[in-house]
Amino acid sequence: MMRWSVRLSRRSARSSALGVAAALCASLAACGGETSRSGPSNELLIVGYDREPDTMNRYATHILEDIESCVVEGLVTNDEEMKIIPVLASEIPTTENGGVIVRPDGGMDVTWKLRPGVKWHDGVSHTSADVKFTVDAINKGDWKPESVDGFDRISSVDTPDSLTAIVHYKEVYAHYQLQFVRGTLPQHVLEGRDLNTANDYNRAPLGTGPYKVKEWKTGEYILLERAEGYWRGAASPKIKQLLFRFLTNTTTRINLLKSGEVHMVALVAWDKVRELEPIASLRMNRVVGNGYEHVTLNQRHFAPFADVKVRQALAHAVNRDLLVRTILDGQVEVVNGPIQPLSAAYEPKVPTYGFDPERARTLLTEAGWVPGADGIRMKDGKRLAFTLITQSGFAIRENVSQALQQAFRDVGAEMTVKLLDGTTISSVWFTGDFDAMLHWWQMGADPELTLFFAGDRMPPAGRNINYVNDTELSSLLYRSDRTADVAQRNELLREAQRRIAALAPEIVLYNTAKVDAVPKSLKGFTGNPTNAGPFWNVHQWEIGTP
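Residues numbered from 1 in each chain as written. Predicted model: local features only at pLDDT ≥ 70, side-chain atom pairs only at ≥ 80, totals over all residues. Heavy atoms only, no water.

A. The UniProt feature "domain: Solute-binding protein family" (unreviewed entry) in the protein chain, seen in detail. UniProt's feature table lists "domain: Solute-binding protein family" (unreviewed entry) at residues 104-447, given in the numbering used throughout. Along residues 104-447 the backbone is 25% helical and 24% strand, and the end-to-end C-alpha distance reaches 26 Å. (UniProt positions renumbered as here; feature names shortened; annotations may be inferred. Helix = DSSP H or I, 4+ residues; strand = E, 2+ residues; numbered from the N terminus.)

B. Focus on the sheet that holds strand 4 (residues 100-102). In spatial order, the strands read 4-5-7-6; together these four strands make up an open sheet with antiparallel pairing. With one partner strand each, in any of the chains shown, strand 4 and strand 6 (154-161) form the two edges of the open sheet. Ignoring strand direction, the axes of neighbouring strands in this sheet form an average angle of 15°. The strands touched by helix 2 (residues 128-139) within the sheet are strand 6 and strand 7 (164-169), with strand 6 carrying the most contacts at an inclination of about 165°. (Pairing = 2+ DSSP bridges. Axes fitted to C-alpha atoms, helices over the stretch in contact; angles between N-to-C directions. Contact = heavy atoms within 4.5 Å.)

C. Quick peek at the pattern of salt bridges. Applying the stated criterion across every chain yields a total of 35 salt bridges. Between E275 and K258 there is a salt bridge; the shortest N-O distance is 2.9 Å. Separated by 17 residues along the polypeptide, E275 in helix 6 (residues 273-276) and K258 in helix 5 (residues 250-259) bring together distant segments of the chain. Of the residues examined, E275 reaches a relative accessible area of 33% and is grouped as partly exposed. The salt bridge involving R489 is made with D446; its shortest N-O contact spans 2.8 Å. Here R489, found in helix 14 (residues 486-503), pairs with D446, found in the loop between strand 19 (436-442) and helix 12 (450-453); they are 43 residues apart in sequence, far enough to count as distant. (Salt bridge = Lys/Arg side-chain N within 4 Å of Asp/Glu carboxyl O. Buried < 20%, exposed > 50% of the residue type's maximum accessible area, 1.4 Å probe, protein only.)

D. Quick peek at helix 10 (residues 395-410). For helix 10, built from 16 residues, the straight-helix expectation of 22 Å at 1.5 Å per residue is met to within 8% by its first-to-last C-alpha distance of 23 Å. Where helix 10 terminates, the next one or two residues include G412, which has phi positive at roughly 105°. (Expected span 1.5 Å × (residues − 1).)

E. Representation of helix 7 (residues 308-316) within the structure. Summarising burial for helix 7: seven of the nine residues are buried, a large majority. The complete set of buried residues in helix 7 reads V310, R311, Q312, A313, L314, A315 and H316. Where helix 7 begins, the side chain of D307 points an oxygen toward the backbone nitrogen of K309, at a separation of 2.9 Å. (Polar contact = N/O pair within 3.5 Å; in protein donor to acceptor, adjacent residues only side chain to side chain.)

F. View of the pairing of strand 7. The buried fraction of strand 7 amounts to five of the six residues, a majority that puts the element mostly inside the structure. Two strands pair when backbone bridges link them, and strand 5 (residues 108-113) and strand 7 are joined in this way by six bridges, in the antiparallel orientation. Counted as the bridge partner of D109 is H168 from strand 7. Sheet topology note: the strand 6/strand 7 ladder contains five bridges and is antiparallel. Each residue of the ladder has a partner; that of S156, found in strand 7, is H168. Connecting strand 6 to the next strand, strand 7, in antiparallel fashion are two residues.

G. Quick peek at the packing of helix 7 against helix 9 (residues 357-366). Helix 9 packs onto helix 7 with a crossing angle of 165° between their chain directions and a minimal axis gap of 8 Å. Relative to helix 9, helix 7 is oriented roughly antiparallel. Helix 9 is crossed by helix 7, and the crossing has left-handed handedness. Together, K309, V310, Q312, A313 and H316 of helix 7 and P357, R359, A360, L363, L364 and E366 of helix 9 make up the contact between the two elements. (Parallel < 35°, antiparallel > 145°, perpendicular 65-115°, else oblique. Left-handed = near helix turned anticlockwise from the far one by under 90°.)

H. Looking closely at the sheet that holds strand 15 (residues 377-379). The three strands are arranged 14-15-16 in an open sheet whose pairing can be described as antiparallel. Every other strand in the sheet has two partners, leaving strand 14 (370-371) and strand 16 (382-383) as the edge strands with one partner each. Inspection of the sheet shows strand 15 paired to strand 16 by two bridges, in the antiparallel sense. When the sheet's bridge partners are listed, M378 is paired in strand 16 with R383.

I. Just the packing of helix 13 (residues 471-481) against helix 14, in detail. For the pair helix 13 and helix 14, the least separation of the axes is 9 Å and the interaxial angle reads 160°. As summarised for this structure, helix 13 and helix 14 are arranged roughly antiparallel, according to the angle between their axes. For the element pair helix 13 and helix 14, the recorded crossing hand is left-handed. Residues E472, L473, L476, L477, R479, S480 and D481 of helix 13 lie in contact with helix 14, whose contacting residues are R489, L492, L493, E495, A496, R499, I500 and L503. Its residues placed into classes, the contact of helix 13 with helix 14 shows eight nonpolar, one polar and six charged. (Nonpolar A, V, L, I, M, F, W, Y, C, P; charged D, E, K, R; others polar.)

J. Quick look at the pairing of strand 21 (residues 514-519). Where burial is concerned, most of strand 21 is hidden: six out of the six residues are buried. Across six bridges, strand 12 (residues 282-287) lies against strand 21 in antiparallel orientation. Looking at strand 21, one finds that M284 is bridged to A517.

Right, dumping it as structure tokens:
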């Protein structure tokens with residue numbers, strides 16, 4: 001068995017480090033005291049990035065896969081119009097093209113035809129065996145991927161030839177088109193290994209994408225270099241190196257962008273947009289985000305959140321319109337649920353929670369929480385006091401947290417704010433070791449909600465970190481998953497949205513409009529409303545004439 005390793009020899013490691021240092025010196029002001037900086041070029045594009053990845057393994061990471069997706073491609077991705085398009089697959093399987101068959105026993109077979117001529121970065125062909133290996137590795141049970149959603153509904157995979165993988169589902173699974181959006185695992189590298197400890201792969205995965213990892217300097221940066229022999233042809237990608245600098249502080253990222261020490265910043269904080277707009281060398285790329293900012297209320301960790309009246313009361317305590325007008329500089333819009341207006345499954349007529357402190361106080365009193373001597377409500381000798389975690393260095397979240405703290409105090413709830421760096425908070429939410437969390441979910445093109453709200457989709461089976469367990473809601477969600485007809489499925493999802501709003505498992509705040517600050521000379525950049533992220537078509541990027 002051949003194993004691929006990224007471990008560098010001492011000489012090559014030294015050369016690599018020197019190369020990065022040279023690149024940084026060419027771009028930063030520190031080189032010899034000079035004040036000039038190199039702008040973006042097809043030799044190097046520097047990205048100011050808000051956090052360091054926890055892993056480069058797409059199936060194991062708990063954060064957005066911007067960097068990982070430059071290296072490891074999916075069978076499909078979501079484009080800038082929220083369409084699911086093939087990448088390593090030659091086409092999207094559908095009932096119309098014979099790629100999807102609903103069996104008489106209620107199961108479903110999906111035939112993936114793989115794109116011919118695709119090779120891993122080590123020259124080995126990408127085949128259907130890699131698809132089967134990925135499913136088997138995730139379902140084996142001795143590895144801890146970020147989610148097993150969908151994979152646990154697969155009974156087996158057949159590989160009649162090297163470019164055909166027939167995935168047999170135990171039941172109809174409407175979300176199947178995005179099953180392999182995170183790509184496949186290379187069988188010839190990982191077979192027989194413990195994926196939890198395969199650190200060579202987890203830090204520098206073997207992929208088929210336009211880039212491969214040249215160096216990951218912990219705490220500082222990840223440098224990607226063009227993968228020679230990329231299957232789209234020698235002309236792609238045109239930018240030779242991408243340098244992701246880990247800059248966790250919003251203000252630092254923006255200051256370095258303004259000074260030219262980084263060339264682009266994805267997902268500009270909304271309160272910084274107006275500050276960057278006058279800069280002639282930048283283009284502010286805007287798309288409506290298919291995501292939403294919210295406060296997760298962890299019912300398992302903080303028992304009072306299990307009472308719907310408490311959750312509804314806290315929702316009524318927040319003046320979301322004021323947050324948007326002030327802290328968010330009017331750059332986003334208030335929304336009321338997890339599916340956004342971009343989706344055909346969007347339901348606008350859901351129960352809403354307008355700013356109404358009196359209603360909040362009434363609900364808390366009805367729930368048995370009465371004001372104590374200091375104004376904080378008590379029940380059975382316990383204070384209504386909890387801790388909210390959110391990302392440090394993200395000024396908007398820190399400011400919103402303070403506003404929430406005051407709003408909750410005004411109705412008799414005490415909230416302490418705890419700031420965690422972006423990498424740490426990503427692992428904490430997965431363990432469920434928190435009371436409440438201010439964060440966003442960036443959603444894919446498919447409107448699946450099961451992963452986030454079904455009663456049996458708490459980590460590690462999913463992302464239900466509200467730990468909501470409502471029989472009616474779970475039934476609706478699984479019925480939507482098991483409905484092949486799109487119109488019928490969307491109607492079930494609309495009903496599910498109404499149920500979610502009534503339950504108020506989380507405090508929904510606003511849409512995550514996406515603003516990316518990129519060089520005017522960067523061609524091919526479109527942004528992306530989904531969790532595919534702005535790097536979804538990085539192979540098409542090129543630095544040209546502004």
